[in-house]
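Chain residues, written in single-letter form:
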Amino acid sequence: MKNARIIGVGHYVPERVVTNHDLEKMMDTSDEWIRERTGIVTRHWVREGETITDLAYNATNMALERAGLKPEDIDFIIVASIAGDAQFPGNGCFLQARMEIPGVPAMDIRNACSGFVYALAVADKFIKTETYRNILVVGAEIQSTGLDLSTRGRDMAVLFGDGAGAAVVTATDEPDRGILTTHLHADGRYATKLWSEFPSVINHPYITHEIVDSDRIYPKMEGRYVFKHAVSKFPEAIMEALEATGYTVEDLDLVIPHQANQRITEAVAQKLGISMDKIVSNIHKYGNTTAASIPIAMSEAWEEGRIKDGDLICLAAFGAGFTWGSVLLRW
Ligand code: ACO
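Basis of the calculations
- Residues numbered from 1 in each chain as written.
- Predicted model: local features only at pLDDT ≥ 70, side-chain atom pairs only at ≥ 80, totals over all residues.
- Heavy atoms only, no water.
- Core = buried A, V, L, I, M, F, W, Y, C linked by side-chain atoms within 4.5 Å.
- Buried < 20%, exposed > 50% of the residue type's maximum accessible area, 1.4 Å probe, protein only.
- Helix = DSSP H or I, 4+ residues; strand = E, 2+ residues; numbered from the N terminus.
- Pairing = 2+ DSSP bridges.
- Axes fitted to C-alpha atoms, helices over the stretch in contact; angles between N-to-C directions.
- Salt bridge = Lys/Arg side-chain N within 4 Å of Asp/Glu carboxyl O.
- Expected span 1.5 Å × (residues − 1).
- Near = heavy atom within 4 Å.
- Polar contact = N/O pair within 3.5 Å; in protein donor to acceptor, adjacent residues only side chain to side chain.
- Areas by Shrake-Rupley, 256 points an atom, 1.4 Å probe, with all protein chains shown as cover.
- Nonpolar A, V, L, I, M, F, W, Y, C, P; charged D, E, K, R; others polar.
- Domains from an automatic or database assignment.
- Contact = heavy atoms within 4.5 Å.
- Buried area = accessible area lost by both parts, 1.4 Å probe.

Novice: Hey, could you run me through the nonpolar core in this one?
Specialist: Counting 43 residues, the largest nonpolar core has Ile-238 and Leu-252 as its most contacted members. When contributions to this core are tallied by element, the ones reaching two or more residues are helix H6 (154-157), helix H8 (223-245), helix H9 (262-272), strand S12 (312-319) and strand S13 (323-330). No other element matches the eight residues that H8 contributes to this core. Core analysis: the next-biggest nonpolar cluster, separate from the first, contains 35 residues, Ala-4, Ile-135, Ile-307 and Leu-315 among them.

Next up, the structure:
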């Protein structure tokens, strides 16, 4: 059976940097509050005219170049995002058009912060079944344009950033190489603990001036509730991957968690007894970029030489849905 191996990673964030001090001018918040509660110092937000497709395309080009492949070598595209350049079709089709590879299948995954882990698991299965050979997996997100930038929305607004990360996943015959195991979970009982309700087709019509003028158009989160679940589900997902393969926490060379919040990452490290130098964290620079955060972190870690051939690496995510999961791979 084939194994699915990542052979190129890339990332892109918009040029515009938004500091905590910039946010202080928009809402009642403080650099101190944001740093203390989240670890975030800056995030990158798009300028008018920039699209998710732009971010995804730039990240893709970097990943393809590092993989030594051309767009026409890709035979399947999976894009994970919760936002869309359009209500439909999905971002995958827009990216495919930009890559000028008509006919190549493209699909979208809307599993929020767990989107990239879900997408990688799907890619793994298509490669293992020898359906496709080179799959492009992208996490791309624009959050900034959908946030309530007044004091009313400050709990959410300070957390999120825009960006994209991409991975080229290819088939290999090497045993014990590439993706070793994937584990996915969801619990829809908590769907409304972190969600964006509108536009919704259960409303008649699905969007009204009243909704737009109210705060119901913005994403909502019960922060403490999310925090509590995240700090238990991240370690569970990592342990599940280790148990499935017979490895232990000590065997891990690197953990690349979804960048939700520095306090969540530290709590997970403590729970598992992993030192922070084995955990990739870049939330101070980018904030929470939802589906893009793992591939951005993976691409940066690779650039910094923190990922070496043969390393055992665990990717783990938790997010809206609730959804969570892990991917254990041998680089
Ligand atoms: N600036 C200043 N004050 C704020 C802000 C802000 N941006 N946001 C909230 N506050 C205030 C609140 O109004 C509240 O004031 P009050 O005491 O007068 O009522 C006070 O700060 C404390 O609010 P809490 O919500 O209780 O603050 P908490 O310590 O729980 O921190 C946070 C909030 C950072 C959102 C935390 O709950 C958290 O990290 N939750 C996890 C959520 C998360 O990471 N979500 C990301 C998306 S999901 C994911 O990626 C996994």
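Novice: Explain the sheet that holds S13 here, please?
Specialist: Backbone-to-backbone hydrogen bonds join strands into a sheet, with any given pair of strands oriented parallel or antiparallel. In spatial order, the strands read S8-S13-S12-S11; together these four strands make up an open sheet with mixed pairing. Of all strands in the sheet, those bounded by a partner on one side alone are strand S8 (178-186) and strand S11 (254-257). Averaged over all pairs of adjacent strands, the angle between strand axes in this sheet comes to 15°, irrespective of strand direction. Taken together, the eight bridges between S12 and S13 define a ladder with antiparallel strand orientation.

Novice: Help me understand the pattern of salt bridges, please; the structure alone is not making it clear to me.
Specialist: Two side chains that carry opposite charge are able to pair once their charged atoms sit near each other. Taken as a whole and judged by the stated rule, the model has 20 salt bridges. Measuring nitrogen to oxygen at the nearest pair gives 2.9 Å for the salt bridge that ties Lys-125 to Asp-124. In this structure Asp-124 comes out as buried when scored by relative accessible area, which is 1%.

Novice: It is not clear to me how H8 should be interpreted in this structure. Could you clarify?
Specialist: An α-helical turn contains 3.6 residues, so a residue and the one three or four places further along point in the same direction. Its 23 residues give H8 an end-to-end C-alpha distance of 33 Å, which sits within 8% of 33 Å, the value for a rise of 1.5 Å per residue. Within the span of H8, buried status applies to Val-226, His-229, Ala-230, Val-231, Lys-233, Phe-234, Pro-235, Ala-237, Ile-238, Ala-241 and Leu-242. Looking at the residues trailing H8, positive phi occurs at Gly-246, about 80°.

Novice: Can you help me understand the environment of Val-249 in this one?
Specialist: Here Val-249 shows up in the loop between H8 and S11. Taking the relative accessible area as the measure of exposure, Val-249 reaches 12% and is therefore buried.

Novice: How do you make sense of the site of the ligand when you look at a structure like this?
Specialist: Neighbouring residues of the ligand: 24 residues in total, closest Thr-29, Arg-37, Arg-224, His-258 and Asn-261. Take Gly-223: an N or O atom from its main chain is 2.9 Å from a nitrogen atom of the ligand. Between Asn-261 and the ligand, the recorded distance is 2.4 Å, taken from a side-chain N or O atom to an oxygen atom. Protein chains shield 76% of the accessible area of the ligand, which is 1000 Å² for the free molecule. Among the secondary structure elements, those contributing two or more residues to the shell around the ligand are helix H2 (31-38), H6, H8 and H9. Examining the composition of the shell around the ligand, we find that four residues originate from one element, H8, more than from any other. Of the residues assigned to the shell around the ligand, the class counts are 12 nonpolar, six polar and six charged. Built from parts of two domains, the shell around the ligand gets at least three residues from each of domain 1 (3-174) and domain 2 (179-330).

Novice: Teacher, can you tell me more about the pairing of strand S1 (residues 3-12) here?
Specialist: The side chains of a regular strand alternate, residue by residue, between the two faces of the sheet. Counting buried residues in S1 gives eight out of 10 residues, a clear majority hidden from the surface. Note: S1 against strand S7 (residues 163-172), nine bridges, orientation antiparallel. Each bridged residue has a counterpart across the sheet, and for Ile-6 the counterpart in S7 is Val-169.

Novice: It is not clear to me how unusual backbone geometry should be interpreted in this structure. Could you clarify?
Specialist: Across residues other than glycine, the phi torsion is negative in most instances, and most of the peptide bonds are trans. Here the amide bond leading from Phe-198 into Pro-199 is cis, since omega sits at -5°, within 30 degrees of zero. With respect to the element layout, Pro-199 can be found in the loop between strand S9 (194-195) and helix H7 (209-213). Look at the link from Gly-321 to Phe-322: it is a cis peptide, with omega at -15°. With respect to the secondary-structure elements, Phe-322 resides in the loop between S12 and S13. At Glu-100, a position not held by glycine, the phi torsion is positive, near 60°. Relative to the helices and strands, Glu-100 is located in the loop between helix H4 (91-99) and strand S5 (106-109).

Novice: Sorry if this is basic, but what is going on with the domain arrangement of the chain here?
Specialist: Buried accessible area, meaning the area lost when the parts come together, often serves as the stated size of an interface. Parsing the chain into structural domains produces domain 1 (3-174) and domain 2 (179-330). The centre of domain 1, based on its C-alpha atoms, is set 14 Å off from the matching centre of domain 2. On the side of domain 2, 49 residues touch domain 1, which itself brings 55 residues to the contact. The contact between domain 1 and domain 2 buries some 3900 Å² in all, and 64% of this surface belongs to carbon and sulfur atoms. Put simply, domain 1 and domain 2 have two salt bridges between them. For the salt bridge of Arg-5 with Asp-309, the shortest nitrogen-to-oxygen distance reads 3.8 Å. In this structure, the connection of domain 1 to domain 2 is made through 21 residue pairs in polar contact (both at pLDDT 80 or more). Only S1, H2, strand S3 (42-44), helix H3 (52-67), helix H5 (115-128), strand S6 (134-141), H6 and S7 provide two or more residues apiece to the side of domain 1 that touches domain 2. When residues in the side of domain 1 that touches domain 2 are grouped by element, the largest group, nine residues, is from H5.

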